[in-house]
Every structure is written in C-alpha cells, then in structure tokens.
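Analysis of the macromolecular model
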Amino acid sequence: APRRPLPLDARGRALAVRNALRYFAPEHHAVLAPELARELLTHGHIYVFRLRPAVAPVGRPYSEYAGNSTAARCLRMMIDNNLDPAVAQFPHELVTYGGNGQCLSNWAQYWLVQLYLAKMSDEQTLVMYSGHPLGLFPSAPASPRVVVTNGMVVPSAGTREAYDELFALGNTQYGQMTAGSYCYIGPQGIVHGTTLTLLNAARKYLGSGNLAGRVLVTSGLGGMSGAQGKAAHVSGAIGVIAEVDEEPLRKRHAQGWVDEVVTDLDALVARIRAARQEHRGMAIAYLGNVVDVWERLAEEDEMLVELGSDQTSLHNPFLGGYVPVGMSVADAREMMTADVPAFRSAVQASLRRQVAAINKLASRGMRFYDYGNAFLLEAERAGADIAGAHGTGRRFRYPSYVQDIMGDIFALGFGPFRWVCASGDPADLAQTDAIAARFMRDELASDELPAEVAQQYEDNLRWVEGAQEAQLVVGTQARILYSDAAGRAGLAQAFNAAVASGDLKGPVVISRDHHDVSGTDSPFRETSDLRDGSERCADMSVQNCIGDAMRGATWVALHNGGGCGWGEVMNGGFGLVLDGSDDASHRAARMLHWDVNNGVARRAWAGNERARSAARRAQDKCPLMELTEPHQAEDTLVAEALAEAAKSGVGGPAASVVVAGSADEDCPAAQAA
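Everything numeric in this text was worked out from a predicted model, so none of it was measured.

Thresholds applied
Residues numbered from 1 in each chain as written. Predicted model: local features only at pLDDT ≥ 70, side-chain atom pairs only at ≥ 80, totals over all residues. Heavy atoms only, no water. Helix = DSSP H or I, 4+ residues; strand = E, 2+ residues; numbered from the N terminus. Rg over C-alpha atoms; globule rule 2.2 N^0.38 Å. Buried < 20%, exposed > 50% of the residue type's maximum accessible area, 1.4 Å probe, protein only. Lys, Arg positive; Asp, Glu negative; His and termini not counted. Charge placed at Lys NZ, Arg CZ, Asp CG, Glu CD. Axes fitted to C-alpha atoms, helices over the stretch in contact; angles between N-to-C directions. Parallel < 35°, antiparallel > 145°, perpendicular 65-115°, else oblique. Left-handed = near helix turned anticlockwise from the far one by under 90°. Contact = heavy atoms within 4.5 Å. Nonpolar A, V, L, I, M, F, W, Y, C, P; charged D, E, K, R; others polar. UniProt positions renumbered as here; feature names shortened; annotations may be inferred. Phe/Tyr/Trp six-rings, centres within 6.5 Å; stacked < 30°, edge-to-face > 60°. Lys NZ or Arg CZ within 6 Å of the ring centre and 35° of its normal. Patch = residues over 30% accessible without salt bridge, like charges linked within 9 Å, V, L, I, M, F, W, Y side chains within 5 Å. Areas by Shrake-Rupley, 256 points an atom, 1.4 Å probe, with all protein chains shown as cover. Salt bridge = Lys/Arg side-chain N within 4 Å of Asp/Glu carboxyl O. Pairing = 2+ DSSP bridges. Core = buried A, V, L, I, M, F, W, Y, C linked by side-chain atoms within 4.5 Å.

Okay, the overall build of the protein chain next. Scanning the protein chain for helices and strands turns up 24 helices and 17 strands. Its C-alpha radius of gyration of 25 Å places the protein chain within 12% of the 26 Å reference for a compact globule of 673 residues. In terms of its C-alpha atoms, the protein chain occupies a principal-axis envelope of roughly 75 × 65 × 60 Å. Counting the 673 residues in the protein chain, one finds 58% classified as buried. The averaged location of the 78 negative side-chain charges in the protein chain is 3 Å from the averaged location of its 60 positive side-chain charges.

And the structure:
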C-alpha cells in the first residue's frame with residue numbers, strides 16, 4: 001500500500017509506538033519498540049508486520065475453523081476472506097479495497113480477533129473498536145456475536161487531517177463499507193450493481209436497455225472498480241476502462257474480468273471503432289491515465305462514447321486514490337509524501353483537465369454520471385467547471401448515479417442482498433442460485449407485482465441464471481442479488497430450509513452491501529436523491545444498525561466514511577448466519593423486514609412516490625407496521641404564504657428565507673423566497 005501520512009510530532013510518534021506495544025507483554029517491549037518505531041517512520045502506520053501469517057489468510061470452509069460457536073466460526077471465515085490476496089487490494093497492510101479500506105488495523109489485532117472467536121460461546125459478544133478487539137462481554141444467545149464500529153469520532157473530528165492523525169496513532173481506521181464489517185465478497189459485490197446501473201442508464205439516457213455497440217468509458221480496475229469490465233461484458237456494452245497501475249490491470253485480465261489489454265491510444269481508438277461493429281459485450285482495459293483517454297476521444301470527429309463515469313478512489317485523492325495525468329504510479333507514491341502541496345496541486349490540475357474533456361463530449365451528447373466515488377465533489381474542490389446550471393436545482397453539472405439512476409430502485413426497496421455458502425462447496429452455491437431463480441420465477445408468475453417491481457425481478461433473474469457461466473466467484477463461494485424486503489425474506493427462508501434438510505452442506509451467511517436502501521446516509525451518493533433537505537442527516541443508517549442488532553443479526557457494523565470519504569458518509573451493515581434452525585428463521589424474518597423498510601419509510605417521508613407505493617405495500621402485508629404518512633403541500637400555496645409573510649414585515653425589514661439546498665431552485669416557492 002502507499003505510505004500513509006505521518007502528521008505526528010515527537011510526542012505523537014512516541015504515543016503511537018506505546019499504543020502498539022500495549023498488545024504485548026512487557027518482556028517483549030525492548031525488542032519490539034525499535035522495530036515498531038521503524039514501521040511507523042517507514043509506513044506512516046504500525047502494522048506489526050512480524051505477525052503477518054506465514055500462510056496468507058484464505059476464507060476456508062467454516063468447518064475447518066476451531067470454535068464453540070457456529071456463528072463465530074463463520075465470522076472467522078469471513079474475516080480471512082477479506083484478507084485473501086486474491087480478494088484484498090493490499091493484503092499485507094490489511095486493506096481490503098478502496099485504497100485505505102481496512103479490515104483491521106494491524107496483525108496483532110488479527111490474531112486476537114481469531115483467538116476470541118475461537119474461544120467465545122453464544123452467550124458472549126465480541127466488541128470491536130475500529131479494528132481493536134476490546135474484548136468479550138457477557139450477552140445472550142439472541143444478541144449479536146460481534147458488534148463493530150469503525151471511524152466513530154465526534155463530529156468536529158470528521159476531517160481528513162483528524163483521520164490521518166488518529167490512524168497514525170492506531171486509534172481508528174477507515175473501514176470503508178464491507179472491508180471493516182467482514183462482508184466483502186470480492187469485485188462480484190459491485191458487478192451486479194454496476195450491471196444494473198448500466199442497464200437502467202441505457203433505459204433512461206439512450207431509450208433502450210440494449211447496449212449492443214454502445215461504449216462506456218470509465219477508469220479503475222482495483223478493488224471495487226475491478227468489477228467494471230465484467231459488468232460491461234454481462235450487460236452487453238463495450239467497456240473501456242483505463243487503469244494507470246499495471247498490477248491490478250494484469251490481475252483482472254488473468255482473472256478473466258477484462259477481455260483485452262491495450263497500451264497505445266491510437267490502438268485504443270481503432271479498437272473502439274471495430275468493437276462498435278461487433279455488437280457484443282466486451283471489456284477493453286487501457287494501461288494508462290484516463291485523462292489521456294478522455295482528451296483523445298474529445299479530439300475525435302466521430303463520437304465514440306455514449307456513457308461515461310469514473311471509479312478512481314477519489315474519497316482518498318491525495319494518498320494514492322488518484323494518479324495525476326503525466327505521472328507514473330511510482331512517481332505519484334513518492335511525491336504524495338515527499339511534496340504534499342505539489343502533489344495536491346497536480347491532482348487538482350489533472351481533475352480540471354479531466355472534467356474539461358468530459359464536458360466537451362457531454363456537449364456532443366455523451367451522458368456522464370458520478371459513480372459515488374466523490375468524483376464530482378473533488379472536481380468541485382479542484383476548481384473544475386462542474387457546477388450545475390442555474391435554475392436546475394443541482395449542485396453539479398452531472399448527476400450521482402443514485403440521484404439519477406439507482407435512487408428509484410432503492411425507493412422500491414431493491415438493493416444488494418448477498419450470501420456466502422459457509423461449506424465452501426461450489427455445489428452449494430449452484431444450489432442456492434437455483435433456489436433464487438426458482439423463487440423469482442414464482443414471484444413473476446403472480447399477478448400482484450407492479451410493473452416497476454416486475455422489471456427488477458426480471459433483471460435479477462437474468463443475472464442469477466447467468467451467474468455460473470459468468471464465473472464471478474473470487475474468494476468464498478458467494479453471490480449477490482438485488483432484491484426487495486419480500487424477496488430477501490423469501491430467499492432467506494428457502495436457504496435456511498435447505499440447510500435444515502441437508503440439501504446444503506453447511507450454513508449460509510446472508511448480508512448486504514452497506515450501499516443499500518437503508519444502510520447509508522451520504523449526500524453525494526445514497527441519499528443524494530432526497531428532496532426534503534435531509535440528505536445530510538444520518539438517523540437512517542444509525543437506526544438501521546441498532547434495529548438490526550435488536551432483531552437478530554449475528555453481527556452488526558456502523559462506520560464513518562465509505563465511498564465518498566471520511567466525514568462525508570455514515571453507513572452500516574450486518575451478517576446473519578442461517579444454520580437451519582427455527583431460531584435463524586425467526587431472526588431472518590424479523591431483521592430483513594426492518595433492514596429494508598426502514599429506508600423505504602425514510603424515502604417515502606422525503607416524498608419519493610415509488611417509496612410511498614412500496615411503503616403502502618409493506619404495510620398492507622404487515623399489520624404491525626404503521627408509518628407516518630407525508631402530506632405534500634402545493635408549491636403555489638407555499639409561495640403565496642411566504643410572499644404574504646414577507647409583506648407583513650415578519651422578522652424585520654432584513655428578513656430572508658433560506659431554502660434547503662436540495663430543493664428545486666426553479667420551483668414557485670423557491671422563486672418567491
């Protein structure tokens with residue numbers, strides 16, 4: 001991994017070493033102190049490399065792990081999968097994905113966690129403080145076995161500077177989303193979401209879900225971004241993905257997640273032209289900087305791209321998440337710590353060039369969307385021409401993909417449900433795929449599904465029917481599938497029954513991405529489409545974690561940070577072990593209903609009509625669920641009321657009305673204000 005910043009003075013550096021030594025008995029301190037001090041100065045963080053396992057962690061079948069609790073043994077499998085070199089981005093530094101998405105903070109923590117999970121019973125709960133195992137505490141069988149928090153700081157510490165200091169001290173970590181909650185399943189986890197985004201972007205922007213001969217240009221083949229090539233292939237598009245770092249590019253090519261590698265811009269343009277005539281899904285990886293690609297395509301007389309996006313790790317732009325144009329990866333890694341102001345300036349100049357080229361192509365008809373990686377936010381901070389047109393009510397010229405594409409899917413209650421077959425047997429995964437396909441076909445055969453819900457089931461049925469052929473598994477035997485509350489609950493019950501009957505050889509661990517209906521509050525992504533001014537409020541994700549814990553989750557997690565950066569996101573997730581018991585069945589029914597409908601209810605209250613419809617359907621099926629119904633005021637009535645209040649001098653002659661930033665600036669009420 002790139003070297004981390006070390007913003008500590010002499011006292012802070014001494015504190016960081018003392019903090020790390022707390023994991024070891026005093027008789028070892030004389031040997032370890034110089035070693036850990038060198039790690040701190042060399043890497044900007046103490047990883048305790050001497051404790052890195054001689055055999056790299058791999059998510060083995062749960063039955064191969066020692067333990068007194070089935071749930072704890074499954075958790076050991078999930079943690080090892082997050083650190084599997086085939087899965088993790090920087091496994092030596094315990095980074096699962098996203099450049100700095102830590103599973104744990106150091107290798108001493110890893111061994112302690114494994115020990116606690118091996119020892120614990122179902123009457124104990126392991127408490128995790130940002131990678132640190134605080135210890136085992138007495139609880140009850142119905143309680144979560146593990147409770148995880150990552151990056152929880154007081155609001156004033158929600159800055160990059162505070163993060164750099166606290167991580168260097170070993171006091172906190174950036175858990176990303178599923179990195180620090182032990183639920184990452186490799187790039188497959190985002191392939192499906194990216195596929196659905198492409199299909200729905202095509203329907204909305206291009207008038208058809210048929211992407212044959214259509215070109216998507218984007219960047220990144222690392223952790224999460226590594227899914228883009230496979231998603232293009234599955235959806236039938238021509239994906240052109242630029243990656244400046246040769247190592248992840250070759251890794252994705254060897255895994256079959258990109259079809260071809262091109263190293264020359266002239267050859268790339270020629271290949272795009274030829275590919276447009278072939279009318280089949282493919283992924284073309286370009287070894288080089290995406291800014292060069294955008295600028296070259298903007299110079300071409302022929303329009304060669306219909307859709308554009310970006311998946312560089314811009315939540316972490318100055319510490320390896322973005323390599324400026326004209327700079328090698330090695331030079332960037334050196335400069336980002338040797339000359340911080342110069343590197344920051346280079347990143348921002350590169351973003352300005354990138355946006356300028358994208359704007360040229362957009363003016364000719366290309367449609368661009370932010371994929372939730374803070375691209376628009378960092379481009380704005382860089383001074384790029386990215387502001388939304390006056391009167392549009394939008395801060396940025398381009399939408400977030402949630403804001404414009406996936407928000408309606410979340411509003412329906414559909415999101416990234418996933419499961420892992422703890423037996424490690426591919427036959428179990430094939431069996432769960434068949435169960436899922438059968439369930440969705442039965443749902444589609446009923447007459448009760450609204451058209452927009454049926455469309456989602458059809459997309460997901462095609463996905464799961466083609467999943468085996470697509471060879472999506474990297475790491476554990478896992479699958480992802482977008483589903484709503486009813487679908488998730490139905491699948492969980494079917495999986496649990498298959499475990500009970502012996503049709504599956506081991507338990508099934510269900511979870512989801514934090515990027516889901518209820519899991520994340522982020523004004524630049526998951527809640528960017530809310531129109532009541534509440535997109536910065538984090539009640540939903542915090543309530544979701546609490547609610548999952550009290551309804552039966554095996555483990556829960558709550559994180560600061562995620563795709564859009566430290567201090568910009570609050571998100572949470574869960575894991576639930578289906579062991580074939582009646583107890584697991586009851587837990588799944590209680591928890592999954594809440595885990596989805598919490599977010600549906602919040603989106604309904606914000607005024608989303610699809611969410612209001614989904615909420616009404618949920619209430620019809622569950623008499624114990626009763627929601628506060630929003631009543632929308634007419635714009636003209638509000639405008640007249642504001643005008644009348646202004647005339648009456650309420651608040652004095654200098655009175656003004658502040659309209660929430662998310663409101664439409666061209667609505668009558670806003671104009672009156």
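At their nearest, the axes of helix H6 (residues 188-206) and helix H17 (residues 451-465) sit 11 Å apart, and the two run at 130° to each other. One element, H6, and the other, H17, form an angle in the oblique class. Taken as a pair, H6 and H17 cross one another with a handedness that is right-handed. Of the residues in H17, those in contact with Val191, His192, Thr195, Leu196, Asn200 and Arg203 of H6 are Gln455, Gln456, Asp459, Asn460, Arg462 and Trp463. Its residues placed into classes, the contact of H6 with H17 shows three nonpolar, six polar and three charged.

This paragraph deals with the UniProt feature "domain: Urocanase N-terminal" (unreviewed entry) in the protein chain. UniProt's feature table lists "domain: Urocanase N-terminal" (unreviewed entry) at residues 61-183, given in the numbering used throughout. Helix and strand shares over residues 61-183 are 28% and 19% respectively, and the end C-alpha atoms of the span are 15 Å apart.

Under the definition given, this model contains 14 aromatic pairs. Between phenylalanine 368 and phenylalanine 375, the ring centres sit 5.4 Å apart and the planes meet at 50°, which makes this aromatic pair tilted. With centroids separated by 5.5 Å and ring planes inclined at 85°, the aromatic side chains of phenylalanine 414 and tyrosine 457 adopt a geometry described as edge-to-face. Of this pair, phenylalanine 414 sits in the loop between helix H15 (401-411) and strand S12 (415-421) while tyrosine 457 is found in helix H17, placing the two residues 43 residues apart along the sequence. Taken individually, phenylalanine 414 and tyrosine 457 each receive the classification buried, so the pair is uniform in this respect. Through a chain of ring-to-ring contacts, three or more aromatic side chains come together here, namely Tyr163, Phe167, Tyr174 and Trp566. Lying over the aromatic face of tryptophan 257, lysine 230 brings its terminal NZ or CZ to 5.5 Å of the ring centre.

Glancing now at a nonpolar patch on the surface. A contiguous nonpolar surface patch, about 290 Å² in accessible area, is contributed by Tyr129, Leu134 and Phe137. Mapped onto the secondary structure, phenylalanine 137 falls in strand S4 (residues 132-138). With relative accessibility at 39%, the residue phenylalanine 137 sits in the partly exposed group.

On the basis of which strands lie adjacent, the open sheet formed by six strands has the order S8-S9-S7-S6-S10-S11 and parallel pairing. The open sheet is flanked by strand S8 (260-262) and strand S11 (367-368), the only strands paired with a single partner. Pairing analysis gives two bridges linking strand S6 (residues 215-219) to strand S10 (residues 307-308), with the strands arranged parallel. Bridge pairing in S10 links valine 217 to glycine 308. Docked against the sheet, helix H9 (residues 265-278) engages S6, strand S7 (238-243), S8 and strand S9 (282-287), running at close to 175° with respect to S9.

Attention shifts here to the nonpolar core. Tyr182, Trp419 and Ile510 are the most contacted members of the largest nonpolar core, which totals 169 residues. The biggest single contributor to this core is H6, with eight residues. Those residues in contact with tryptophan 419 that sit more than four places away from it in its chain are Leu429, Thr432, Asp433, Ala436, Gln477, Ala478, Arg479, Leu481, Phe495, Val508, Val509 and Ile510. Core analysis: the second largest hydrophobic core is formed by 15 residues, Leu8, Leu21, Phe24 and Ile46 among them.

Turning to helix H7 (residues 228-235), a few remarks are in order. Working note: α-helix, 3.6 residues per turn, so residues spaced by three or four point in the same direction. Among the eight residues that make up H7, six are buried, leaving the element largely enclosed by the rest of the structure. The set of residues buried in H7 consists of Gln228, Gly229, Lys230, Ala231, Ala232 and Ser235. Buried-residue contacts for H7 involve H6, S6, S7, S9 and helix H18 (467-470). In the segment just after H7, glycine 236 is the residue with positive phi, at about 90°.

Within a regular strand, side chains alternate between the sheet's two faces. Burial along strand S5 (residues 146-150) is one-sided: the residues Val146, Val148 and Asn150 are buried and none of Val147 and Thr149 is. Pairing of S5 with strand S16 (residues 555-560), which is carried by five bridges, proceeds in the parallel orientation. Of the residues in S16, the one forming a bridge with threonine 149 is leucine 558.

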